[in-house]
Structure formats: structure tokens, C-alpha cells
Amino acid sequence: MTDMVPMAPFPALPGMGDAAPVTLSRRAKAAIVVRLLLNEGAEIPLEDLPEDLQAHLTKQMGSMRLVDRATLASVVSEFADELENIGLSFPGGMAGALDSLDGRISKQTATRLRKEAGVRQYGDPWARLKDMGVEKLLPVLENESIEVAAVLLSKINVARAAELLSKLPGPKARRITYAVSQTSAVTPDAVDRIGISLATQLDAEPLKAFDSGPVERVGAILNSAKSITRDDVLEGLDETDAGFADLVRKAIFTFANIPQRIAPRDIPRVIRELEQEQLLTALAGAEAAGMKLSADFILENMSGRMADQLREEMGEKGTVKTTEVEEAMASIVSVIREMETTGELLLVVEETDDG
């Protein structure tokens, strides 16, 4: 590094290298630190600062000339001391707080706080738009003007832009492609406004009270219900809405569905996750509960030694209470469902009558 760093609010004089540190404003100190880091080749994301701070920093650096060694050393030492004394930093301002809590507080709360504080929802709306899938962006190209569609294609990933174009009718795809060639005069402010508008529009979907649909919710409830309750509810649904009842039946997975919904090769994996006593109770009471096919399917697709051992223990167990059998079967179904949810098991899709 040279003896003199070109920045200071005062002229350089002979012998300044031996002078005492000069008293500077915080803005001047910030300018010195930034200049020093840039001289050393550091990458500083100054564009993330608020625009007014970027402007103040630029003006401060423009007003400075030379800094003597003593002042530079003093500023660097003070800066290092401040960094070492920081135990925790916060984002600063409501916008930063909302960004850091994104996904951790409810969408309703975040929206209300943004409105109350007048906080802009998107720092860079295009960063969010670039992460959106084709299925969300395609309606924009179909419904927005050709000019807006051209800006969108120009800002997103090239491969995704090509995929979007391939899903549009030929004439419209050609008009949008030609419009891209006319975007050279579009200003950054206009692109920013378009991005904010599109991101707001795409995020303006009604909030849902439930994470899953009614079929999945009813199916999950009936999965955990007793068989007599499940049959009674399904019978009532048949009378009220046969179509909905049919969809619910397909969403339900019970002990009776094991032979149709689990591949034979997956039975050993399921057994490893089960408690031995639960499996024994379910198998012992399966025939009386009308579930002999499921019990036979499980026994036939495990090791011969284990199957023989279980059959012997089933004979010794004798008659099992119906409530205990239902609880054991429900526990087995719960384990299978958990394995499906975590991706450890893939249930076989049953063929429909028209499929």
C-alpha cells in the first residue's frame, strides 16, 4: 500500500505522516474504511444499502483527498474495535425485520405490519420472480401485455424463458420475442415497477385456512376412525355426494388396503419400523376382523423364518380383543403413512374404473 490513501477532507502537508490523527466525522470514517477495503480488492455489497446512504457515501468520498498514516491507522483501529464489540446485529427498520422473519410469522401478520408501516414488500421483486415456476409465470405471459411479457422474459433464466415460450401459441410467442428486441430503451425504474406489480399480483392469492384439500382432510380423519364409524360415514357420503365419497375412498388407506397399495418388496421395510407386539396383535386378530387377505399378504412377503415364528406366536396368543386388534392395525397404518410422508415408502396407485 502507498504511504498516502487518496481521501481526506483536508490538504496533505509535508510531515503529515508523523502528525497526530485528525478528528473526522462518522461519514468521513466510513468513507475511509470503504475506500481502504476497495483498494484491498474486497467485494462490498454497497448496492444493498438504502439509496440515501449510497448517495451520502458517494458525496463524502467525492469531497475527500488525502489521509495521513496516523489518521488511517486510528480509523482502522476504531473500526476494528467496534466490530469486536458487536455481539448481535439486527436488520434495522421494519422492512429488514419483516424480511428476516419471512416464513416464520403468519402471512396475515406480515401483510398487516407492512401496511401499517408503509413498508415496500419487495426489495428486489425480480429475485422472487426468478424463483417462481413455469406454472405460476405462464398466466402472466397469457394475460399481460406483450411489452410486460417481453420484460419478464428478459429478466428471468434463459432456460425458463424458453420453456415458457414453448407453451404459448406460436403467433403470441413470436410477438413477445419481437418485443424483447424493443426493450433496450426501457429504464431501470420501469423494470422495477413492472417487477413490483407482477410480484404483488402473483402473491395476491387468497390465504387458505387449511393446508390440504377437503378430500385429504376427510380421508385422514376416517383413516384414524374405527371401521364401523368409517363405513357409516362413507355410506352417508354416498347418499349426499357420491362423487366426493368416491374420492375420499381413494384417499383412505386402511389395513385392508395393504395388499393393493404396498408392493410386496416393501413389506420387509415396513415390518422393520413396526413394534413386534403390534404386528402380532394385528395378525392374530385379522381373520376375525375380516382382514385375512392383508395378514396373509404380510406373512407371505417376509422371511420364511419370521413368518413361521409369527404364526406360532399367533397360535399361542389365542383370541384377541377387537379393540386391541383395531388399535394395532391403526398403529400399523399410521407407521405406513409416516413412511409415505417422509419419502421412505411409495404407495401403489390403485387403477380407476376408467383408467
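Procedures and definitions
Residues numbered from 1 in each chain as written. Predicted model: local features only at pLDDT ≥ 70, side-chain atom pairs only at ≥ 80, totals over all residues. Heavy atoms only, no water. UniProt positions renumbered as here; feature names shortened; annotations may be inferred. Salt bridge = Lys/Arg side-chain N within 4 Å of Asp/Glu carboxyl O. Helix = DSSP H or I, 4+ residues; strand = E, 2+ residues; numbered from the N terminus. Buried < 20%, exposed > 50% of the residue type's maximum accessible area, 1.4 Å probe, protein only. Axes fitted to C-alpha atoms, helices over the stretch in contact; angles between N-to-C directions. Parallel < 35°, antiparallel > 145°, perpendicular 65-115°, else oblique. Left-handed = near helix turned anticlockwise from the far one by under 90°. Contact = heavy atoms within 4.5 Å. Nonpolar A, V, L, I, M, F, W, Y, C, P; charged D, E, K, R; others polar. Lys, Arg positive; Asp, Glu negative; His and termini not counted. Polar contact = N/O pair within 3.5 Å; in protein donor to acceptor, adjacent residues only side chain to side chain. Core = buried A, V, L, I, M, F, W, Y, C linked by side-chain atoms within 4.5 Å. Expected span 1.5 Å × (residues − 1).

Identification of the protein as Flagellar motor switch protein FliG from Roseobacter fucihabitans is taken from an unreviewed UniProt entry. Annotation of the protein in UniProt includes, under Function (unreviewed entry), the sentence "FliG is one of three proteins (FliG, FliN, FliM) that forms the rotor-mounted switch complex (C ring), located at the base of the basal body. This complex interacts with the CheY and CheZ chemotaxis proteins, in addition to contacting components of the motor that determine the direction of flagellar rotation." Regarding the protein, the relevant UniProt record gives this comment under Sequence similarities (unreviewed entry): "Belongs to the FliG family."

Draft legend 1. The pattern of salt bridges, seen in detail. Per the stated rule, a full pass over the model turns up 9 salt bridges. Notably, a salt bridge pairs K250 with D246, separated by 3.5 Å at the nearest N-O pair. Highlighted residues: K250 and D246, both in helix α14 (residues 242-251), separated by 4 residues, approximately one helical turn. For K250, a relative accessible area of 41% puts it in the partly exposed group.

Draft legend 2. Summary view of the packing of helix α17 (residues 276-284) against helix α20 (residues 322-341). Direction vectors running N to C along α17 and α20 enclose 120°, while the axes themselves pass 8 Å from each other. By the angle class used here, α17 and α20 are oblique. Along this stretch, α17 crosses α20, giving a crossing that reads as left-handed. Here Q278, L279, T281 and A282 of α17 come into contact with α20, specifically with E324, V325, A328, M329, S331 and I332. Taken together, the residues of the contact of α17 with α20 sort by class into 6 nonpolar, 3 polar and 1 charged.

Draft legend 3. A look at the side chain of R230. Considering the arrangement of structural elements, one finds R230 in helix α13 (residues 227-240). One buried charged side chain, R230, makes no salt bridge at all; its nearest oppositely charged neighbour is D231, positioned 4.8 Å away. Within the local environment of R230, its side chain forms a polar contact with the backbone oxygen of L222, the two atoms lying 3.0 Å apart. When sequence neighbours within four positions are dropped, the list of residues in contact with R230 reads L222, N223, A225, I252 and T254.

Draft legend 4. Layout of the nonpolar core. Ranked by size, the top nonpolar core spans 32 residues in total, and within it F255, I258, L279, L283, I298 and I336 carry the most contacts. For this core, the elements supplying multiple residues, two or more each, are α16 (267-273), α17, α18 (292-300), α19 (304-317) and α20. For I258, the residues in contact, after removing those within four places along its chain, are F253, I267, S294, F297, I298 and I336. By size, the runner-up hydrophobic cluster in this structure holds 27 residues, among which are L141, V148, A179 and A199.

Draft legend 5. Local environment of helix α3 (residues 69-85). In this model, α3 (17 residues) spans 24 Å end to end at C-alpha, consistent with the 24 Å of a helix rising 1.5 Å per residue. For α3, every residue scored as buried is listed here: A70, T71, L72 and V75. Here the buried face of α3 lies against α1 (26-39). Of the residues flanking the start of α3, the one acting as N-cap is D68, its side-chain oxygen 3.0 Å from the backbone nitrogen of A70.

Draft legend 6. Expanded view of the environment of V67. Residue placement: V67 occurs in the loop between α2 (51-62) and α3. Sequence spacing of V67 and I32 is 35 residues, and the spatial spacing of their C-alpha atoms is 8.3 Å.

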